[in-house]
Amino acid sequence: MTTVSVIFLLSVIFFRVHATEKAYFLQEDFIDQINEVATTWKAGVNFDPNTPVEHMLRLLGSKGVQKNKTLSPEMYKTHDVAYKNMQHPPHHPPIPPNFDARRHWRKCDSLIGEVRDQGNCGSCWAMSTSSAFADRLCIATDGQFNELLSAEELTFCCHLCGFGCKGGWPIKAWEYFRKHGIVTGGDYQSYEGCQPYRIPPCPYDQSGNNTCSGKPMEKNHRCTRMCYGDKYIDFKKDHRFTRDAYYLTYNTIQFDVMTYGPIEASFDVYDDFFSYKSGVYVKSDNATLLGGHSVKLIGWGEEFGVPYWLMVNSWNEEWGDRGFFKIRRGTNECEVDNSMTGGIPVVHNDSV
């Protein structure tokens, strides 16, 4: 065996051993260190400290984090005729300092505010985009359409989107909606919609242990071309479409959300983020990058002078602030400001 082969083998063994070790960033002393230096947010226990690093990394499935200048300008949406409808007289700011899509569109508030659980699968990219699309369809139909779209179909049928439970590109999810559409589908074992999510959630048991910890990642499911939830739904007719797919520039994010509804947002996840509990998240100076994550953006505001984006995560309601979190806005914190995607729903008479 050559020296190179030995070094490679040792590196693989080291990674596997390290990955199965307890996540150092979930330990009490690590959380205490965060709280000693963080000034805009508080850390706390969200996961069982015995959870392996490997399990935590599986939750990070977005390949949509865009570094500066990596995309051509035409991929970004810079204007929309509909934005002009929101313009106010000069003495009124066009964008309010605080905005929450749940309060703005009351008929869709429960759908917009629903916290999903992606389970033991890196399907955050599918959860966030399908949820944002469902919100936008609810808004576009004035609440007549008010149900989840299938994260199951998107995760396992959009082969151009990525690798299913091993991650994907949110922008390609919106392109899938445009070209192929997507059926309805509720949460695990809900039997709601055409194709409900088939991956079990990861709640804590009575002993405080994460029920997915120590289990292998969910294997990618076979793409199903039929309705198995509500079997009376016509699979072909149930598909909903968007007319486009786009990235948003920082200057168009708020206009787009106020016009059409929530969007998808990707960002770099550092080891301190897993323990977020409250406040406006700002990466700690010595934090270590672990991967990319995708969530749903539903609003913005300012807390103690710090502007933020309001996000809905997909790690269930036991994480963070009941499944929600705030991240600093306007400074491209963790690359979030230039890694947001959306699409506009196509609304027909049979879309509800």
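Cut-off values and rules
- Residues numbered from 1 in each chain as written.
- Predicted model: local features only at pLDDT ≥ 70, side-chain atom pairs only at ≥ 80, totals over all residues.
- Heavy atoms only, no water.
- 1 Å grid on protein atoms, 1.4 Å probe; cavity = no way out; pocket = protein on both sides within 12 Å on 5 of 7 lines; lining within 4 Å.
- Points joined across faces, edges and corners; volume = space filled by probe spheres on them.
- Nonpolar A, V, L, I, M, F, W, Y, C, P; charged D, E, K, R; others polar.
- Salt bridge = Lys/Arg side-chain N within 4 Å of Asp/Glu carboxyl O.
- Buried < 20%, exposed > 50% of the residue type's maximum accessible area, 1.4 Å probe, protein only.
- Helix = DSSP H or I, 4+ residues; strand = E, 2+ residues; numbered from the N terminus.
- Polar contact = N/O pair within 3.5 Å; in protein donor to acceptor, adjacent residues only side chain to side chain.
- Contact = heavy atoms within 4.5 Å.
- Pairing = 2+ DSSP bridges.
- Expected span 1.5 Å × (residues − 1).
- Core = buried A, V, L, I, M, F, W, Y, C linked by side-chain atoms within 4.5 Å.
- Disulfide = S-S within 2.5 Å.
- Patch = residues over 30% accessible without salt bridge, like charges linked within 9 Å, V, L, I, M, F, W, Y side chains within 5 Å.
- Areas by Shrake-Rupley, 256 points an atom, 1.4 Å probe, with all protein chains shown as cover.
- Lys, Arg positive; Asp, Glu negative; His and termini not counted.
- Charge placed at Lys NZ, Arg CZ, Asp CG, Glu CD.

**Section: empty space enclosed by the protein**
And step 1. Tallying each qualifying case throughout the model produces three cavities of 30 Å³ or more.
And step 2. Space inside the largest cavity adds up to approximately 90 Å³.
And step 3. Around the largest cavity, the lining comprises 14 residues; the ones closest to its centre are Phe47, Cys202, Asn210, Trp315 and Asn316.
And step 4. Tallied by class, the residues present in the lining of the largest cavity amount to six nonpolar, seven polar and one charged.
And step 5. Considered as a void within the structure, the second largest cavity measures approximately 70 Å³ in volume.

**Here's the deal with the pattern of salt bridges**
And step 1. According to the stated counting rule, one finds 13 salt bridges in the structure shown.
And step 2. When the shortest N-O distance is used, the salt bridge between aspartate 100 and arginine 102 registers 2.7 Å.
And step 3. Residue class for aspartate 100 comes out buried when judged on its relative accessible area of 12%.
And step 4. Connected through shared salt-bridge partners, Lys77, Asp80, Arg136 and Asp256 make up one network.

**Notes on the side chain of aspartate 272**
And step 1. Structurally, aspartate 272 can be placed in the loop between β5 (263–270) and β6 (276–281).
And step 2. At 2.6 Å, the side chain of aspartate 272 forms a polar contact with the side chain of tyrosine 281.
And step 3. The residues touching aspartate 272, leaving out its near neighbours within four places in the chain, are Phe30, Ile34, Trp41, Tyr281, Val282, Lys283, Ser284 and Ala287.

**A look at the environment of proline 97**
And step 1. Looking at the element boundaries, proline 97 is found in the loop between β2 (76–77) and β3 (99–100).
And step 2. Between the C-alpha atoms of proline 97 and glutamate 302, which are 205 residues apart in sequence, the distance is 7.3 Å.
And step 3. Those residues within four positions of proline 97 in sequence are excluded, and the remaining contacts are Trp300, Gly301, Glu302 and Arg329.

**So, helix α9 (residues 253–260)**
And step 1. The buried fraction of α9 amounts to seven of the eight residues, a majority that puts the element mostly inside the structure.
And step 2. Every buried residue belonging to α9 is among Ile253, Gln254, Phe255, Asp256, Val257, Met258 and Tyr260, and all of these are buried.
And step 3. Where α9 terminates, the next one or two residues include glycine 261, which has phi positive at roughly 120°.

**What about the pairing of strand β8 (residues 306–312)?**
And step 1. Counting buried residues along β8, six of its seven residues qualify, which places the element largely inside the surrounding structure.
And step 2. Pairing geometry for strand β7 (residues 289–303) and β8, over seven bridges, is antiparallel. Among the inter-strand pairings, glutamate 303 is bridged to a residue of β8, identified as valine 306.
And step 3. Linking two consecutive strands that pair antiparallel, namely β7 and β8, is a turn of two residues; a positive phi of about 50° is found at phenylalanine 304 within it.
And step 4. Bridge analysis of β8 against strand β9 (residues 324–328) gives five bridges, and the strand direction is antiparallel. Following the sheet pairing, leucine 310 is matched in β9 by lysine 326.

**Looking at helix α6 (residues 124–140)**
And step 1. Compared with the 24 Å implied by 1.5 Å per residue over 17 residues, the 24 Å span of α6 between its first and last C-alpha is a close match.
And step 2. Most of α6 is tucked away, with 16 of its 17 residues classed as buried.
And step 3. Just downstream of α6, aspartate 142 is the residue with a positive phi angle, here 55°.

**Some thoughts on the nonpolar core**
And step 1. Judged by nonpolar contacts, the single largest core of 80 residues is most densely connected at Leu154, Phe267, Phe274, Trp309, Met311 and Phe325.
And step 2. Among the elements that line this core, the one with the most residues is α6, at eight residues.
And step 3. Those residues in contact with phenylalanine 274 that lie beyond four places of it in its chain are Phe25, Leu26, Asn46, Phe47, Met56, Leu59, Leu60, Val269, Leu290, Trp315 and Trp319.
And step 4. In terms of nonpolar packing, the next biggest core, distinct from the first, is built from seven residues, Met127, Ala151, Phe156 and Cys165 among them.

**Describing the state of the cysteines**
And step 1. Taken as a whole and assessed by the stated rule, the structure comprises six disulfides.
And step 2. What pairs with cysteine 108 in a disulfide is cysteine 138, and their sulfur atoms sit 2.1 Å apart. Judged by the sign of its S-S torsion, about -95°, the bond between cysteine 108 and cysteine 138 is left-handed. Residue cysteine 108 is found in the loop between α4 (101–104) and α5 (109–112), and its partner cysteine 138 is found in helix α6; the two are separated by 30 residues along the sequence.
And step 3. On the basis of relative accessibility, which here comes to 3%, the residue cysteine 108 falls in the buried class.
And step 4. By relative accessible area, cysteine 138 is classed as buried at 0%.
And step 5. Note on cysteine connectivity: cysteine 202 is disulfide-linked to cysteine 212, with sulfurs 1.9 Å apart. On the S-S bond that ties cysteine 202 to cysteine 212, the torsion sits near -90°, and the link is left-handed.

**Focus on a negative patch on the surface**
And step 1. A contiguous patch of negative charge, built from Glu28, Asp29, Asp32 and Glu36, is present on the exposed surface.
And step 2. Tracing the sequence through the fold places aspartate 32 in helix α2 (residues 28–37).

**Thoughts on unusual backbone geometry**
Backbone geometry follows two general trends: most residues other than glycine have a negative phi, and most peptide bonds adopt the trans configuration.
And step 1. Positive phi, normally seen in glycine, also occurs at tyrosine 191, with a value near 60°.
And step 2. Although it is not a glycine, phenylalanine 304 adopts a positive phi angle of roughly 50°.
And step 3. Inspection of the secondary structure puts phenylalanine 304 in the loop between β7 and β8.
And step 4. Looking at phenylalanine 304, the relative accessible area reads 83%, which means it is exposed.

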